[in-house]
Amino acid sequence: MDAQPGAASNAFMVPAAIALNRFGLGARPDDVPPGDAQAWLLAQFDRYQPLPPAWREQPRTDTLLQSLLESQRAQRMAADGAKQAARQALRRQSRDDYLAAVGARTASALDTPAPFVERLVHFWSNHFAVSVDKVAVVGLAGALEADAIRPHVLGRFEDMLLAVTRHPAMLLYLDQAVSIGPDSPLGERVAQRQPERRRGLNENLAREILELHTLGVRTGYTQADVTEFARALTGWTLAPGAGTPRGAARVDGAFAFRPALHEPGARKVLGRAYAQAGEQQARAILHDLASASATAQHLATKLVRHFAADDPPPAMVQRVAAAFERNGGDLPTVYRALVEAPEAWRPPPAKFKSPWEWAISGLRALGRRDVPPVQMANLMNQLGQPVWRPGSPAGYDDVAATWAAPDALLRRVEVAQRLAAQSGDAIDARALAPRVLPGSLGEATANAIARSESPAGALALLLVSPEFLRR
């Protein structure tokens, strides 16, 4: 193959291509290029399905949590000779739940009537990242996206923040479920009975909410603020729940506030006093964080980086942040500001697709509407962006430097060749290319596709062309 996927691109994207590929998830062969690109994007707010068919068949959060807790209990109670088998059974079940959720995420991305909103789901899922490196999170990571992100992606940021913070995947991933106020009733009892095993405060969740989820780094908060916020969050933990029917999205059944774990007393965070009792104390802090100017700036910067350029245009960031603040974190208003920004419609394809974006856009271009979950999980592992496994609460990077290394591009060539071979001779890349890159197909790429010696080779060339690697 003579493709040069890493080469610089002189591509020029027309508005229809920008709507389909930069804001959306990539054009499908049967997509009609929108005449009014902005209106087409905004109309998707009415077509979005919070719980589409692929997700509807998955167990809900509280059911998954109950299964996890029961399996952990069985493992603890198993005889010494049976503990290994119980541990393996738990890992198998968690892996099965993970793969089913990967399949649901993929099918929703391939067949969504609202690809712009679906992209936003993926954006927020990465913003509020958990990582399945942690065994307890493996079976719950997909449920965080389904039950905490999807229902609120067209709502208010504060509601999404609260749902994510209370979700068991986040509580387990950042060890909030085992955080105990040192002077709480339970903390004092443990200290009296087993002073050598004193369990105490865990600051992970408080720190990541401040640093990653809301204010951002270097925004004026101190270690004392982290500790005080962590004290306010004590008592936020897991509840096994009684299970929820499939199709009914609920998180509350998996969350519990336990007063016996809560550190008593008023808190002071970022110079503001919080005298509320119990769960309301941390909720009041979350409310103020969600409406802070620093949060608006942080979120606007990330959104603009995702939709406009790795180096976010400052004027666009300010307009998006202002829209967030003026409307109390109403997310559709923020998205409208993104769509209306001239900087997001600049013709050069400024963004290099992440492995997930490239894989989904490639599968959509090939007309696929579902992929076996194991195949998709393995594909993302090969491409270097395993689903829900960024390895840290910071999530995956959103800049070209992370994804455009030569070895990463070689893996894309290998995957493109395999996907093209699976399609056989059924797809004519010469006809497909202008449909999935409307008005944006460069002459060099068109000529390379036309000169290819086989249909599969031509299709692979399309998938790794500079125009297709970027958005």
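In what follows, the structure referred to is the one given above.
Note that the structure is a prediction, hence the values are computed from the model and not measured. (Residues numbered from 1 in each chain as written. Predicted model: local features only at pLDDT ≥ 70, side-chain atom pairs only at ≥ 80, totals over all residues. Heavy atoms only, no water.)

Caption draft 1: Local environment of unusual backbone geometry. If you check the backbone angles, Asp 175 has positive phi at about 65° while not being a glycine. Along the chain, Asp 175 turns up in the loop between α9 (168–173) and α10 (185–193). A positive phi angle, near 55°, is found at Leu 270, a position not held by glycine. Mapped onto the fold, Leu 270 is located in the loop between β3 (267–269) and β4 (272–274). (Helix = DSSP H or I, 4+ residues; strand = E, 2+ residues; numbered from the N terminus.)

Caption draft 2: Local environment of the nonpolar core. Residues Trp 124, Phe 229 and Met 376 are the most contacted members of the largest nonpolar core, which totals 148 residues. Counting residues per element, this core draws most heavily on helix α5 (residues 83–111), which supplies eight residues. Ignoring sequence-local partners within four residues, the contact set of Met 376 consists of Val 102, Thr 106, Trp 356, Ala 359, Ile 360, Leu 363 and Val 371. (Core = buried A, V, L, I, M, F, W, Y, C linked by side-chain atoms within 4.5 Å. Buried < 20%, exposed > 50% of the residue type's maximum accessible area, 1.4 Å probe, protein only. Contact = heavy atoms within 4.5 Å.)

Caption draft 3: Spatial organisation of the packing of helix α6 (residues 115–127) against helix α16 (residues 331–340). Contact geometry for α6 and α16: axes closest at 13 Å, N-to-C directions at 110°. Classed by the angle they form, the pair α6 and α16 counts as roughly perpendicular. The handedness of the crossing between α6 and α16 comes out as right-handed. Residues Phe 116, Leu 120 and Trp 124 of α6 form the contact with α16, whose own contacting residues are Leu 331, Tyr 335 and Val 339. When the residues that make up the contact of α6 with α16 are grouped by side-chain class, the tally is six nonpolar, no polar and no charged. (Axes fitted to C-alpha atoms, helices over the stretch in contact; angles between N-to-C directions. Parallel < 35°, antiparallel > 145°, perpendicular 65-115°, else oblique. Left-handed = near helix turned anticlockwise from the far one by under 90°. Nonpolar A, V, L, I, M, F, W, Y, C, P; charged D, E, K, R; others polar.)

Caption draft 4: Spotlight on the side chain of Glu 357. Positionally, Glu 357 belongs in helix α17 (residues 355–365). Overall, the relative accessible area of 9% leaves Glu 357 in the buried class. Among the polar contacts made by the side chain of Glu 357, one reaches the side chain of Arg 471 at a distance of 3.3 Å. (Polar contact = N/O pair within 3.5 Å; in protein donor to acceptor, adjacent residues only side chain to side chain.)

Caption draft 5: Quick look at the layout of surface pockets. Empty space within the largest pocket amounts to approximately 700 Å³. Considering the residues around the largest pocket, the lining is formed by 33 residues, among which Asn 126, Gly 395, Tyr 396, Asp 397 and Asp 398 are closest to the centre. Going through the elements one at a time, α6, α11 (204–213), α14 (293–307) and α17 are the ones with two or more residues in the lining of the largest pocket. Counting residues per element, the lining of the largest pocket draws most heavily on α6, at six residues. (1 Å grid on protein atoms, 1.4 Å probe; cavity = no way out; pocket = protein on both sides within 12 Å on 5 of 7 lines; lining within 4 Å. Points joined across faces, edges and corners; volume = space filled by probe spheres on them.)

Caption draft 6: Quick look at the pattern of salt bridges. Evaluation of the coordinates by the stated rule reveals 23 salt bridges. Arg 364 serves as the salt-bridge partner of Asp 31, at 3.9 Å between the closest nitrogen and oxygen. Taken as a pair, Asp 31 in the loop between α1 (15–23) and α2 (37–43) and Arg 364 in helix α17 lie far apart in primary sequence, 333 residues in all. Glu 118 is the partner of Arg 150 in a salt bridge, and the nearest nitrogen-oxygen pair spans 2.6 Å. Within this pair, whereas Arg 150 is found in the loop between α7 (141–149) and α8 (157–166), its partner Glu 118 is found in helix α6, the two being separated by 32 residues in sequence. The same class applies to Arg 150 as to Glu 118, namely buried. Through salt bridges that share partners, Arg 28, Asp 30, Asp 111 and Arg 369 make up one connected network. (Salt bridge = Lys/Arg side-chain N within 4 Å of Asp/Glu carboxyl O.)

Caption draft 7: Structural context of α7. The element α7 is extensively covered by neighbouring structure, given that nine of its nine residues are classed as buried. Buried residues of α7: Ala 141, Gly 142, Ala 143, Leu 144, Glu 145, Ala 146, Asp 147, Ala 148 and Ile 149, and no others. Among the structural elements, α3 (53–56), α4 (61–77), α5, α6, α8 and α9 are those in contact with the buried residues of α7.

Caption draft 8: Structural context of the environment of Pro 50. Relative to the elements of secondary structure, Pro 50 occurs in the loop between α2 and α3. Taking relative accessible area as the criterion, Pro 50 reaches 41% and is therefore assigned partly exposed. For the pair Pro 50 and Pro 386, spaced 336 residues apart in sequence, the C-alpha to C-alpha distance is 23 Å.

Caption draft 9: How the structure looks around the packing of α7 against α8. Direction vectors running N to C along α7 and α8 enclose 145°, while the axes themselves pass 9 Å from each other. For the crossing formed where α7 meets α8, the hand is right-handed. Where α7 abuts α8, its residues Leu 144, Ala 148 and Ile 149 lie against Met 160, Ala 163 and Val 164. Residues of the contact of α7 with α8, tallied by class, amount to six nonpolar, no polar and no charged.

In short, shape yes, function no, at least from these values alone.
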